[in-house]
Amino acid sequence: MSAEPLGLRPRVPSEDLARGARSSTPATVAADDYTQFCEGIRALTRIDLLQYKRGQMERRIRSFAQRRGVTDLTAYLAQLRKDRAEVDEFLDRVTINVSQLWRNPEQWTVLERQVLPELIASATAGRVRAWSAGCSYGAEAYTLAALCRQLDPRTRATIVGTDIDRRMVDRARLGRFSDEDARSASKRVLERWFTRDGDEWQASRELQALCQFEVGDLLRVQPRRDAYDLVLCRNTVIYFTEDVRDALHERLVTSLRPGGYLVIGSTERVSRPRELGLVATHPFTYRKS
Ligand SMILES: C[S@@+](CC[C@H](N)C(=O)[O-])C[C@H]1O[C@@H](n2cnc3c(N)ncnc32)[C@H](O)[C@@H]1O
């Protein structure tokens, strides 16, 4: 990952983030075929699936292996070791990439009316610095870019999207969205910020200039202190164990400057926000004191 401009330092050992968070790791759980499989995947890809909630991750992995005609995880791991393309397919399936433009419109209304005007007015060196953590194919980053410019066409912003899934990051860089991706966006904003190209919506150059995308594992990255005015981490931590989620939230908050905002998914929560120096301004929006 090209770290510096993004406020993201290169990797730290995932154990750092997960310290005390590995209740389901081999230290406490007999090494069954699932844990052994995850250890094997970590050795192959450096992605630590043991830090995700076991129930849903295990179901997803077993059903994917079955669809590939292998019922035994040890045999499937052996197959993955020999086939890099299969590893990519596998990772593509186990990470849930669902997203859309203006996803959860009520959150964007709060961002548009309250959060962004405040951040634009107080931006460090006149530039809003935002991080879409777990950006999938970029819908969140482009939505944010459109709102920034809509509020003030002179707004300068750097919106960094990171995701563990290389294929999603490649897609995000293209800035192309289907009608399904655009279903929550009004026709007016779509036509203002995107052009119709075939049966897709292409983000304008103006939006693309504000967005950059990088591959990055949230469980390994160490963001710089005070690097961002706004961090969006929505619908991504739901897959992590609670301890890993809490440790990640703490790290995301460190990357925010005082007065900056953390926005989480509408069904998520930050446990003990006050201990992190956060004040909830809405159920999903926190301001760093
Ligand atoms: C459901 S999508 C959410 C996309 C967007 N934030 C939204 O709310 O529409 C979750 C994304 O998290 C990514 N992800 C999962 N684990 C990750 C990790 N350890 N580091 C970075 N991204 C991760 C997945 O690849 C997926 O694209």
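So, here is what we can say about the structure in this document. If you're wondering where the values come from, they're calculated on a predicted model, not measured in any experiment.

## Observations concerning the side chain of Asp 217
Stage number 1. Mapping Asp 217 onto the fold places it in the loop between strand S7 (211–215) and strand S8 (222–223).
Stage number 2. Here Asp 217 is buried and forms no salt bridge, its nearest opposite-charge partner Arg 220 lying at an N-O distance of 4.8 Å.
Stage number 3. In contact with Asp 217, not counting residues within four places along its chain, are Arg 46, Ile 47 and Ile 164.

## Quick look at the packing of helix H5 (residues 84–94) against helix H8 (residues 166–174)
Stage number 1. Where H5 meets H8, the closest approach of the two axes is 9 Å, and the angle between their N-to-C directions is 75°. Classified by the angle between their axes, H5 and H8 sit roughly perpendicular to one another. Contacts between H5 and H8 pair Ala 85, Asp 88, Glu 89 and Asp 92 from the former with Arg 166, Arg 167 and Met 168 from the latter.
Stage number 2. Grouping the constituent residues of the contact of H5 with H8 by class yields two nonpolar, no polar and five charged.

## Looking at the pattern of salt bridges
Between side chains of opposite charge, a pair can form when the charged atoms approach closely.
Stage number 1. Inspection of the entire model under this criterion finds 26 salt bridges.
Stage number 2. With a shortest N-O distance of 2.9 Å, Glu 58 and Arg 62 are connected by a salt bridge. With Glu 58 and Arg 62 both in helix H3 (residues 54–67) and four residues apart, the pair spans about one turn of that helix.
Stage number 3. The buried category is assigned to Glu 58, whose relative accessible area is 17%.
Stage number 4. Glu 191 is the partner of Lys 187 in a salt bridge, and the nearest nitrogen-oxygen pair spans 2.9 Å. Placement of both Lys 187 and Glu 191 in helix H9 (residues 187–193) is noted, with a separation of four residues, approximately one turn of the helix.

## Comments concerning unusual backbone geometry
Stage number 1. Its identity is not glycine, yet Trp 102 carries a phi of approximately 50°, on the positive side.
Stage number 2. With respect to the element layout, Trp 102 can be found in the loop between H5 and helix H6 (105–121).
Stage number 3. Under the relative-accessibility criterion, Trp 102 is labelled buried at 8%.
Stage number 4. Unlike most non-glycine residues, Arg 272 shows phi in positive territory, near 50°.
Stage number 5. When its relative accessible area of 48% is taken as the criterion, Arg 272 is described as partly exposed.

## Considerations on the site of the ligand
Stage number 1. Neighbouring the ligand are 22 residues, the closest being Tyr 52, Ser 99, Asp 163, Leu 218 and Asn 235.
Stage number 2. The contact in question runs from an oxygen atom of the ligand to an N or O atom on the side chain of Asn 235, over 2.7 Å.
Stage number 3. Contact distances for the ligand include 3.4 Å between an oxygen atom and a side-chain N or O atom of Thr 236.
Stage number 4. Class assignment for the residues of the shell around the ligand results in eight nonpolar, eight polar and six charged.

## Let's talk about the sheet that holds strand S10 (residues 256–264)
Stage number 1. The sheet built from seven strands is open, its strands ordered S7-S3-S2-S9-S10-S12-S11 with mixed pairing. What marks the edges here is a single partner per strand, and that holds for S7 and strand S11 (278–282). Geometrically, the sheet is characterised by an average inter-axis angle of 20° between neighbouring strands, direction not taken into account.
Stage number 2. Of the strand pairs in this sheet, strand S2 (residues 127–133) and strand S9 (residues 228–233) are connected by three bridges, and their pairing is parallel.

About the criteria used
Residues numbered from 1 in each chain as written. Predicted model: local features only at pLDDT ≥ 70, side-chain atom pairs only at ≥ 80, totals over all residues. Heavy atoms only, no water. Helix = DSSP H or I, 4+ residues; strand = E, 2+ residues; numbered from the N terminus. Buried < 20%, exposed > 50% of the residue type's maximum accessible area, 1.4 Å probe, protein only. Lys, Arg positive; Asp, Glu negative; His and termini not counted. Salt bridge = Lys/Arg side-chain N within 4 Å of Asp/Glu carboxyl O. Contact = heavy atoms within 4.5 Å. Axes fitted to C-alpha atoms, helices over the stretch in contact; angles between N-to-C directions. Parallel < 35°, antiparallel > 145°, perpendicular 65-115°, else oblique. Nonpolar A, V, L, I, M, F, W, Y, C, P; charged D, E, K, R; others polar. Near = heavy atom within 4 Å. Polar contact = N/O pair within 3.5 Å; in protein donor to acceptor, adjacent residues only side chain to side chain. Pairing = 2+ DSSP bridges.

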